[in-house]
Amino acid sequence: MKIWCCFGLGEDEEEVRGTMREGMFGNENDDESEGKELGFLLGGQMSDLEENEMVVGSGGGGGGGGGDQWQLGVGGWRQFDQFASTSGQGIGDNGEAFFPEKCDRPEGSERDDCDSDDRDSWDVHHKRAKVHSYSQGCTYAITAMPLEAGNSSSSTDRDYNVSQSPIPFNNEILRLTSMSNDGDDENPLDSNDGRDEEGDGFSTSKMEDLEVRMDLTDDLLHMVFSFLDHINLCRAAIVCKQWRAGSSHEDFWRCLNFENRNISEEQFEDMCRRYLNATEVNIFGAPSIHSLVMTAMSSLRNLETLTLGKGTLGDAFFQALADCYMLKRLLVNDATLGNGIQEIPIYHDRLRHLQITKCRVLRISVRCPQLETLSLKRSSMAHAVLNCPLLHDLDIGSCHKLTDAAIRSAATSCPLLESLDMSNCSCVSDDTLREIALTCANLHILDASYCPNISLESVRLSMLTVLKLHSCEGITSASMAAISHSYMLEVLELDNCSLLTSVSLELPRLQNIRLVHCRKFVDLNLRSIMLSSMTVSNCPALHRINVTSSSLQKLVLQKQASLTTLALQCQYLQEVDLTDCESLTNSICDVFSDDGGCPMLKSLVLDNCECLTAVGFRSTSLVSLSLVGCRAITSLELVCPYLEQVHLDGCDHLERASFRPVGLRSLNLGICPKLSALHIEAPSMVQLELKGCGGLSEASINCPMLTSLDASFCSKLKDDCLSATAASCPFIESLILMSCPSVGYDGLSSLRLLPHLTLLDLSYTFLMNLQPVFESCLQLKVLKLQACKYLTDSSLEALYKEGALPALCELDLSYGALCQSAIEELLACCTHLTHVSLNGCLNMHDLNWGFSSGPISELPSIYNTSSLSSHGDDHELIEQPNRLLQNLNCVGCQNIKKVLIPPMARCTHLSSLNLSLSANLKEVDVACYNLCFLNLSNCSSLEILKLECPRLTSLFLQSCNITVEAVEAAISQCNMLETLDIRFCPKLSNASMKTLRAVCPSLKRIFSSL
């Protein structure tokens, strides 16, 4: 076994020991201060760092050894040097130190006598520590040294363990562990016991293949560290000397962020002394912020940004503030300034941004000639004196104690003011606004929300671009005259102005307007070519809207219950949503037609507009129309050639509908039960559903690309409509006429115009003659004739006697009146059928394909009994055609008693057989090679079950009165059976489960109610 040492090796042994000691654990002299630094940044203390020690286990070396251990503190490394001195270069089998690359020299000579090329190569490749990875686990190893090959000590004694106890830095743990192999295992580094072919060195090529290089240039490491925050930089610092030096670079510590950290004054002073070039300090939420900030201002001469809060700042701070001459940004939040009874002076020549928010102070005086932005939001001062000639942004929002005069004095002292926020300043009056308008000619942004005393009377703010007046009780319709003089206005917000009744503005630059929860608002008249967004909601009294804009593209006016008149001149408007505008009348249709002022409208939503009765649109741009829930609509006329979507859910009173022309590809009118007249001209439509339109008697359908038509339950649809539809829609492939009793011979004869028809559903009709179907639908593949009570035994003779419908694959005769002989002849002759449904055929007594006497045996072309008894039986069977039947359903055939399908029936393709709910079925004998699914559920009389179905996978015997012996015999030859359902079988017990599994080992699931 070998344990390799990967600590860095230099040019002499002392440098090797120093590199190992310092590279992995840092310089001894700096441990205390660095430990403090890491401790408070990561939540730990220096005492925690000193208490966590490293355990270095000694193993047997060349001269043997005991199991002694050294306890190494983070701050002391003398004992670790003893370990490093023996492991720095490695030890040969005889305990001699050697280089990994062989260097010929006489015994006892110094290492400097070696060939310089070999030594230089060693330095290049091994100047830093390397990590060997022998497994894919999460543990990394810093290996020790190779032990003597003949060492007989145990693997535990021979292992070196260099591990550090967990340091409580956010649960980060550094573990340095060695790796060991059992004595008999081959070393992963070298199959020759870690030596080369000459026996006196490492196998360098193999070592290079297995090691993971950790060599990073300082520039690359600097780039990687630039993505780390302070916490992770501190974690990286404990990796090695290079990482420690790289992580402490001043570029990463320009910002000293100790927000909400429990940092002591000594620790903070030490950080400021280490990083004198720091430009930003954040001690918000730190204890003793006054003393900390005084330390920062006295130590950091390049300080530009200072963030404070959650504490008390004394007078000394504000007096020393002027000496911090590089400061540009000061942010104080939630603090007490001074003793609370005197004026606080803030004087600074270079300060540009000042934020004093939520602070407790009586008076404040600011004299900063370079100040650009000032925020006093939510502070409790009663007076503020400003001497800031360059100030352009002032925020005094929620300063409730500021009087009207104080606000006027503060704002008018800043002639270059561009943005003013005085929201929630309840004392502001129109006189103050007029004074501000005269003094601050460049004011662009004004937020006077929640100022109940302003009405903007005689106020002229001509340069204003943003005006916010939320919940201003004094704002009325008369205030609009003052607002109209702000011809540069772009944003206007009038939410919750309870006395506002009308807005009539013509502002050429207005882009955004908000009117939300204006209870008495009735009329809106806007003219702005640049208006792009308009939000109007929850204005219950709003009746009229007139908007003219060349930029508005989307208009949402939901839940305007009183809106009756809408006039729009918006040439680029594309989307309109008028959901729940219950009072809109039919005149709205003119607004959105081609001549209505919205020539580019694409999407229109009129959901739940319950006053609409007759809707008609003529638009060459409309693509989507939604009329969901418009229950009063009785007439719909759409002339929209590019209309692709229309939603009519809930239009259950629609009587007349015209779509001529439209671009629809599909249309569902089955939700309009009262529809009586329908006219459609849709060149692109492929699917039309009229299911449930019981009153439809007049239909004109001109859809040349239509492939699917569902007219189920259209009880008044007559032959002339069907004939016209067949003539104009020649590509129909699927036609469903279920429960269309008015369709007769002439209508079915017109199906010859549908050469592509493959599916025809005539279920629940009164047809007596299918001859038009046999003659017209030569490509028919699916024919459904469920519950056609008037079809006689001779109605299907053309199928099995004359070979009609040669392409037919699926036939559904469920709930019909055909007799037993007709069914037998059909099954015997139509061998090309793949799916047959005979559900609920009460005249069906047996399903016997065993070639006994009866109608089947009498057919000369199919299974003649006399021919089977001759010596040429095998030859005769080969000549008979195989049945293509795949799926046979005989559900609910109450009179069927026996099912016999032997191999000679040639049902080689039958894969599914459903005989459920056949209450009188007693015997089932099936031999089908490909049968996979057999359902005999609820066959309560079943007694005999014989199965020769090697591919059967699912067998359902639910509620069958069958014995366990019969089931065992049935499944014994079903070698692929996986699912067996025997729920509610009274003759089967819990003991039967084991027996059934033993009989059929392939069973995976047995469903039982026991």
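Residues numbered from 1 in each chain as written. Predicted model: local features only at pLDDT ≥ 70, side-chain atom pairs only at ≥ 80, totals over all residues. Heavy atoms only, no water.

Regarding its fold elements, the protein presents 26 helices and 53 strands. Burial analysis of the protein (1010 residues in total) assigns 48% to the buried set. Contacts in the protein between residues far apart in sequence, at least 24 positions, make up 46% of those at least 6 positions apart. In the structure as shown, the protein presents an accessible area of about 44600 Å², 48% of it carried by carbon and sulfur atoms. (Helix = DSSP H or I, 4+ residues; strand = E, 2+ residues; numbered from the N terminus. Buried < 20%, exposed > 50% of the residue type's maximum accessible area, 1.4 Å probe, protein only. Contact = heavy atoms within 4.5 Å. Areas by Shrake-Rupley, 256 points an atom, 1.4 Å probe, with all protein chains shown as cover.)

Attention now moves to the sheet that holds strand β24 (residues 544-549). Strand order across the open sheet formed by four strands is β20-β22-β24-β26, with parallel pairing between neighbours. The sheet is open, and its two edges are formed by β20 (502-506) and β26 (565-570), each paired on a single side. Mean inter-strand twist for the sheet, computed between neighbouring axes without regard to direction, equals 5 degrees. (Pairing = 2+ DSSP bridges. Axes fitted to C-alpha atoms, helices over the stretch in contact; angles between N-to-C directions.)

This part takes up the packing of helix α25 (residues 964-971) against helix α26 (residues 990-999). Closest axis-to-axis distance for the α25/α26 pair is 9 Å, and the angle between their directions is 20 degrees. By the angle class used here, α25 and α26 are roughly parallel. In the packing of α25 onto α26, the handedness of the crossing is right-handed. Facing α25, whose interface residues are Val964, Val967, Glu968 and Ile971, α26 presents Ser992, Thr995, Leu996 and Val999. Broken down by class, the residue content of the contact of α25 with α26 amounts to five nonpolar, two polar and one charged. (Parallel < 35°, antiparallel > 145°, perpendicular 65-115°, else oblique. Left-handed = near helix turned anticlockwise from the far one by under 90°. Nonpolar A, V, L, I, M, F, W, Y, C, P; charged D, E, K, R; others polar.)

What follows concerns the pairing of strand β12 (residues 363-367). Here five bridges tie strand β10 (residues 343-347) to β12, and the two strands are oriented parallel to one another. Bridge pairing in β12 places Pro345 opposite Ser365. Here β12 pairs with strand β14 (residues 383-387) via five bridges, running parallel. When the sheet's bridge partners are listed, Ile364 is paired in β14 with Ala384.

The next point concerns the nonpolar core. Within the largest apolar cluster, 267 residues are counted, with the highest numbers of intra-cluster contacts made by Phe592 and Phe659. Sequence-distant contacts of Phe659, defined by excluding residues within four places in its chain, comprise Leu636, Leu638, Leu648, Leu664, Leu667, Leu669, Leu678, His679, Ile680 and Glu681. (Core = buried A, V, L, I, M, F, W, Y, C linked by side-chain atoms within 4.5 Å.)

The next thing to look at is the packing of aromatic side chains. Pairs of aromatic rings are described using the distance from one ring centre to the other and the angle between the two planes. Under the counting rule described, the total for this entry stands at seven aromatic pairs. Between Phe225 and Trp243, the aromatic rings sit 5.6 Å apart at their centres with planes inclined by 85 degrees, giving edge-to-face as the arrangement. With Phe225 in helix α8 (residues 218-225) and Trp243 in helix α10 (residues 241-247), this residue pair connects regions lying 18 residues apart in the sequence. Given the relative accessible area of 2%, Phe225 is considered buried. For the pair Phe766 and Tyr790, a centre-to-centre distance of 5.8 Å together with 80 degrees between the ring planes defines the contact as edge-to-face. Placement of Phe766 in the loop between β40 (759-761) and α20 (771-776) and of Tyr790 in the loop between β41 (782-784) and α21 (797-800) is noted, with a sequence separation of 24 residues between them. What makes Phe766 exposed here is its relative accessible area of 55%. Tyr790 gets classed as partly exposed once you look at its relative accessible area, which sits at 47%. (Phe/Tyr/Trp six-rings, centres within 6.5 Å; stacked < 30°, edge-to-face > 60°.)

We now examine the packing of helix α14 (residues 404-412) against helix α15 (residues 430-439). One can describe the packing of α14 onto α15 by two numbers: an axis separation of 10 Å at closest approach and a directional angle of 5 degrees. As the angle between them shows, α14 and α15 are arranged roughly parallel. Two secondary-structure elements touch here, α14 through Asp404, Ile407, Arg408, Ala411 and Thr412 and α15 through Asp431, Thr432, Glu435, Ile436 and Thr439. Per-class residue counts for the contact of α14 with α15 are three nonpolar, three polar and four charged.

Turning our eyes to something else, we now look at unusual backbone geometry. Here the amide bond leading from Arg660 into Pro661 is cis, since omega sits at -15 degrees, within 30 degrees of zero. Residue placement: Pro661 occurs in strand β33 (residues 656-662). Not every positive phi belongs to a glycine, and Ser458 is a case in point at roughly 60 degrees. With a phi angle near 60 degrees, Phe984 is a residue other than glycine that sits in the positive phi range.

Side chains of Leu220, Met223, Val224 and Phe227 sit close together on the surface and give an oily, nonpolar patch of about 430 Å² of accessible area. Position of Met223 among the secondary structure elements: in helix α8. Residue classification places Met223 among the exposed residues on the basis of a relative accessible area of 52%. (Patch = residues over 30% accessible without salt bridge, like charges linked within 9 Å, V, L, I, M, F, W, Y side chains within 5 Å. Salt bridge = Lys/Arg side-chain N within 4 Å of Asp/Glu carboxyl O.)

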